[in-house]
Amino acid sequence: MMSSREHPSRYPDISVSVRSPNPLAIVAGVREELRRAGAGHDEIASFTDEALAPPCNLEHALKVARQWVGCAEAT
């Protein structure tokens, strides 16, 4: 059994996988899935701002995405 400490994402049931190493692709994928899950505009904007904050690279975008959704990966 996984504790909330091991899986701290806000939307644990959302999974995002993109076929691009571009951080903008990860952000776009998570934004779309958050929209589908019914997240509000302000919440999606908060995710976007956090994910695109410096250093705005793939590692940072994935780290932030994983804090918001259950699974995020670039394949």
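Quick note: structure is the one above.
Residues numbered from 1 in each chain as written. Predicted model: local features only at pLDDT ≥ 70, side-chain atom pairs only at ≥ 80, totals over all residues. Heavy atoms only, no water.

Novice: Would you take a moment to explain helix 2 (residues 41-51) for this structure?
Specialist: An α-helix turns once every 3.6 residues. As a result, residues three or four positions apart point the same way. Among the residues making up helix 2, those that are buried are Ile 44, Phe 47, Thr 48 and Ala 51. The buried side chains of helix 2 occupy one side of the element, clustering within an arc of 95° when seen end-on. For helix 2, the exposed residues set more than 90 degrees away from the buried face come down to Asp 42 and Asp 49. In this structure, the buried residues of helix 2 make contact with helix 1 (23-36) and helix 3 (58-68). (Buried < 20%, exposed > 50% of the residue type's maximum accessible area, 1.4 Å probe, protein only. Helix = DSSP H or I, 4+ residues; strand = E, 2+ residues; numbered from the N terminus. Arc of directions from axis to C-beta. Contact = heavy atoms within 4.5 Å.)

Novice: Sorry if this is basic, but what is going on with the nonpolar core here?
Specialist: In terms of nonpolar packing, the biggest core is built from 19 residues, with Ile 26, Val 30, Leu 34, Phe 47, Trp 68 and Val 69 touching the most fellow members. Elements represented by at least two residues in this core include exactly strand 1 (11-18), helix 1, helix 2, helix 3 and strand 2 (69-74). In terms of residue count, the dominant contributor to this core is helix 3 (five residues). Ignoring any residue separated from it by four or fewer positions in sequence, one finds Val 69 in contact with Ser 9, Tyr 11, Ile 14, Val 30 and Leu 34. (Core = buried A, V, L, I, M, F, W, Y, C linked by side-chain atoms within 4.5 Å.)

Novice: Explanation requested: the environment of Ala 72 in the structure shown.
Specialist: As for its placement among the helices and strands, Ala 72 is situated in strand 2. As a C-alpha pair, Ala 72 and Arg 35 span 37 residues in sequence and 16 Å in three-dimensional space. The contacts of Ala 72, once residues within four sequence positions are left out, are Val 16, Leu 62, Ala 65 and Arg 66.

Novice: Explanation requested: unusual backbone geometry in the structure shown.
Specialist: Outside of glycine, negative phi angles account for most residues, and trans bonds account for most peptide bonds. Across the junction of Pro 54 and Pro 55, the peptide omega takes the value 20°, indicating a cis bond. Looking at the secondary structure, you find Pro 55 in the loop between helix 2 and helix 3. With a phi close to 40°, Cys 56 is a non-glycine residue in the positive phi region. Looking at the element boundaries, Cys 56 is found in the loop between helix 2 and helix 3. Judged by its relative accessible area of 33%, Cys 56 falls in the partly exposed class.

Novice: Where do I start with helix 1 in this structure?
Specialist: Over its 14 residues, helix 1 runs 20 Å from end to end, which matches the ideal 20 Å to within 8%, given 1.5 Å per residue. Residues of helix 1 that are buried include every one of Pro 23, Ile 26, Val 27, Gly 29, Val 30 and Leu 34, and no others. Within helix 1, the buried residues cover an arc of 165° as seen down the axis, which keeps them to one side. Tucked into the core, helix 1 has its buried residues touching strand 1, helix 2, helix 3 and strand 2. At the N-terminal end of helix 1, a side-chain oxygen is found 2.8 Å from the backbone nitrogen of Leu 24, two or three residues along, and the residue is Asn 22. Within two residues after helix 1, Gly 38 carries a phi angle of roughly 90°, on the positive side. (Expected span 1.5 Å × (residues − 1). Polar contact = N/O pair within 3.5 Å; in protein donor to acceptor, adjacent residues only side chain to side chain.)

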